[in-house]
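A closer look at the structure
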Amino acid sequence: VGSGSSVSLSRQVQGTGGSSAVSKCSAAARGYIQDRFLRLLAGRRRRRAPLIHRGYYIRARAVDHCVQDFLLKTQSLPRTQILSLGAGFDSLYFRLKDMGLLHHSVVYEVDFPNVACQKATLIKGMKELSALVGDTGGEGLGPIAFSGEDYKLLGVDLSELSELERILEEAGLNNEIPTLFIAEVVLTYMENTRSDALIQWAAEHFPQACFLVYEQVHPEDPFGHVMQQHFSRLNTALHSLAQYPDCEAQQRRFLGKGWTECSVMDMNEFFTSCIPEDEQQRVQTLEPFDEYEEWHLKCSHYFVLAASKGMEPSWTPLLPSVTVPHHAGPVGMAGSVPAAVCARLSGIPGLRRYGHHSVLIKPSVILTTGGFGEEDGQHCRMRNFHVLSKHAGYWEAVCVTQNIPNKRWGERLYHTVSCLSDTLALMVGGRTSPSSAGLGMLWLKFPKTCNASGPDDVAVGLVSLQPAAEAALLRWRHSTTEMTFKGEQYLFVYGGRSALEPVLGDWHFLHTPELSYTVIAVEGPVPESRHSHSACSWEGGVLIAGGLGAAEQPLGSVFLLRELEHGFQWQTIETHPPLVPRYSHTAHVHEGKLLLVGGVWFHASSMPGVTVIDLMTGLCLDYVINVEHLEWPLMLHNHSSIFLPNEKELLVIGGGGNCFSFGTHLNPEPVSLSLSSILINH
């Protein structure tokens, strides 16, 4: 970390290595990675969350993929070597040795002297480890903490280049043979001048070399801000990000420092294109999981890079095994939409939530229910409802008590609420934990006068349906849309997921007065199964857009369920340019235009803002949200939004999520987006 830096700073960076070893160990215990050595090296055992398991799985998978490719490509050569920089308590050597992949290769590991000493002591004291190395018996000498026949463990500060060079030479590193350098979340903790010097030194001194990097990218978007804050709080700032903020900059960095070939991809692309489909499915079903947004955002903020020079044949481990749409190109933006904080709604803790639902129960009165957020200073599933109403141009909000027989009924995420009259709404589906079944329907009854000035109780009652009908609606991340057929009112429940099915493609027509199931004929091409899509009422039918499909891939399709004489027909709405696939967005229809708000997509170079699709022509325009007047990162997924057509105003309530291991981010206050400039009648 730079020679001038204090010892305590290097200790902070070492702490990140220890904590990543514990996380990898937890992922191995749950079957994500096969590695029996991690538990011997990690020391303490802790069970991490499924999101963390996936994050460390993809990291381990990316490194292994490239390392094994290097060993495979060089297996006919007499000798090769691997130099792992900032290796910490990693088990790479033991795994490769155990798999019989090190017949003609020596592994060198470099880390801070005290880390190297600790690891050497661990290895010597453990039969399972020392037997594999074939301990030479001699005590480690000076900076060489451990020296086996094909394994050398060196204690030296990476930022002291001349010192590093001297010790590597002393340990027997040979500049003339093919060498793989590995830097797994290491370079970014060093000052850029020092990491740049290291990259250049490796290229200049090793005629045949490969360099593998795994670390963070995209510091400027909302997730990137939360990520940076986390590392700054730990006193381990990420130095690379300012100078090398994206994959292209990292690629230019290596090509400009003596490397002749360099490929790079973010982890969404790596997962989709370099991991076989059966393995993707295996990982997706290992444990109950429902944090898709944070998983995809985490993956878009980490990259794997493979650079090489002088290698015959050339080393290209990042060639996609399957061709997938490439997401690197920026999304062209047609303009911007200004965002402003709602003056009187700041500081109301109940509005800081995600996975909730908001519905307009009458003009300028909104009911917000459920989700996960902040109540009494604690993060929990939200029990209280909130009513927002507009008076004299200002929004006001008030917490409403549930008049409810069972306190837990109202605590749910990813449900829907549909307004059936000015005093009655229906809550459908939702979940508590992703491993438990979805929840049953509830009636919400509120007085005619319900608004934020006089908060009345909302009476909550269970809806009793036939058991089979009840079971069909136990789902979440679905949509429920008001529609008409032959002049009668229906609710159309579509898609979502359940505890048993990771994605659903079925639908149900509920005749609303008495909530009976009605069978109505539907023809046309059936949309592929999806959840976290959007659905809007339009011209008596329903518009479905986007969503997350069967392989956890975002969808870019738009469907209209259109009324015919004897039933309905699915029709595809072609958009041009094609709609960028996304999910976890919200949607509204205004004067023949479909508005999509936020969501998650795989184009890491920008965040989804507001997309306007002209339903007559199919023209699809993306607008960026201008957040210069907000003092905090605006996360537009797992949010809710309400469109007020007269003001052409969009009110965004809540949003955010659990940002990997970086902490939970909740948008602190509702935000108003003014759409008047982009909804000018053409």
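All figures in this text were calculated on a predicted structure; none of them were measured in a lab.

Let us look at the side chain of serine 300. Tracing the backbone through its elements, the reader meets serine 300 in helix α14 (residues 292-300). Among the residues examined, serine 300 registers a relative accessible area of 6% and is labelled buried. Within the structure, the side chain of serine 300 is placed 3.0 Å from the backbone oxygen of leucine 297, a separation counted as a polar contact. Beyond its immediate sequence surroundings of up to four residues, serine 300 is in contact with Val217, His218, Asp266, Asn268 and Ala604.

With that settled, the discussion passes to unusual backbone geometry. Excluding glycine, a negative phi dihedral is what most residues carry, and trans is how most peptide bonds are arranged. Omega for the peptide link from glutamate 312 to proline 313 comes to -10 degrees, which places this bond in the cis form. With respect to the helices and strands, proline 313 occurs in the loop between β8 (302-309) and β9 (335-341). Going from histidine 576 to proline 577, the amide bond is cis rather than trans, its omega being -5 degrees. Mapped onto the fold, proline 577 is located in the loop between β30 (567-572) and β31 (586-590). Its identity as a non-glycine residue notwithstanding, arginine 477 has a phi of 60 degrees, on the positive side. Judged by its relative accessible area of 4%, arginine 477 falls in the buried class. Positive phi is not limited to glycine here, since glutamate 552 has a value of about 60 degrees. Checked against the element boundaries, glutamate 552 lands in the loop between β28 (541-545) and β29 (558-563).

Here we come to the sheet that holds strand β26 (residues 521-523). Read across the sheet, five strands follow the order β26-β30-β29-β28-β27 without closing on themselves; strand pairing throughout is mixed. The open sheet is flanked by β26 and β27 (534-538), the only strands paired with a single partner. For this sheet, the mean angle separating the axes of adjacent strands, direction not counted, is 20 degrees. Sheet topology note: the β27/β28 ladder contains five bridges and is antiparallel. Bridge pairing in β28 links tryptophan 538 to glycine 541.

When you line up the elements, glycine 393 lands in the loop between β15 (385-391) and β16 (394-400). Taking the relative accessible area as the measure of exposure, glycine 393 reaches 56% and is therefore exposed. Residues glycine 393 and leucine 318, spaced 75 residues apart in sequence, show a C-alpha to C-alpha distance of 55 Å.

With that settled, consider the sheet that holds strand β4 (residues 151-155). Taken together, eight strands build an open sheet; the order of strands is β3-β4-β2-β1-β5-β6-β8-β7 and the sheet is mixed. Two strands in the sheet have a free side with no partner beyond their single neighbour: β3 (144-147) and β7 (261-266). Averaged over all adjacent pairs, the angle separating strand axes in this sheet is 15 degrees, with direction ignored.

Two side chains of opposite charge can pair, provided their charged atoms sit close to one another. Inspection of every chain in the model, using the stated rule, returns 30 salt bridges. Among the ionic pairs, arginine 47 bridges to glutamate 287, the shortest N-O distance being 3.6 Å. In this pair, arginine 47 sits in the loop between α2 (38-42) and α3 (50-73) while glutamate 287 sits in the loop between α13 (277-284) and α14, placing the two residues 240 residues apart along the sequence. Among the ionic pairs, glutamate 411 bridges to arginine 383, the shortest N-O distance being 2.5 Å. Here the residue glutamate 411 occupies a position in the loop between β17 (402-403) and β18 (416-419), and arginine 383 occupies one in the loop between β14 (378-381) and β15, the gap between them amounting to 28 residues. Looking at glutamate 411, the relative accessible area reads 4%, which means it is buried.

Reading guide: rules and limits
Residues numbered from 1 in each chain as written. Predicted model: local features only at pLDDT ≥ 70, side-chain atom pairs only at ≥ 80, totals over all residues. Heavy atoms only, no water. Helix = DSSP H or I, 4+ residues; strand = E, 2+ residues; numbered from the N terminus. Buried < 20%, exposed > 50% of the residue type's maximum accessible area, 1.4 Å probe, protein only. Polar contact = N/O pair within 3.5 Å; in protein donor to acceptor, adjacent residues only side chain to side chain. Contact = heavy atoms within 4.5 Å. Pairing = 2+ DSSP bridges. Axes fitted to C-alpha atoms, helices over the stretch in contact; angles between N-to-C directions. Salt bridge = Lys/Arg side-chain N within 4 Å of Asp/Glu carboxyl O.

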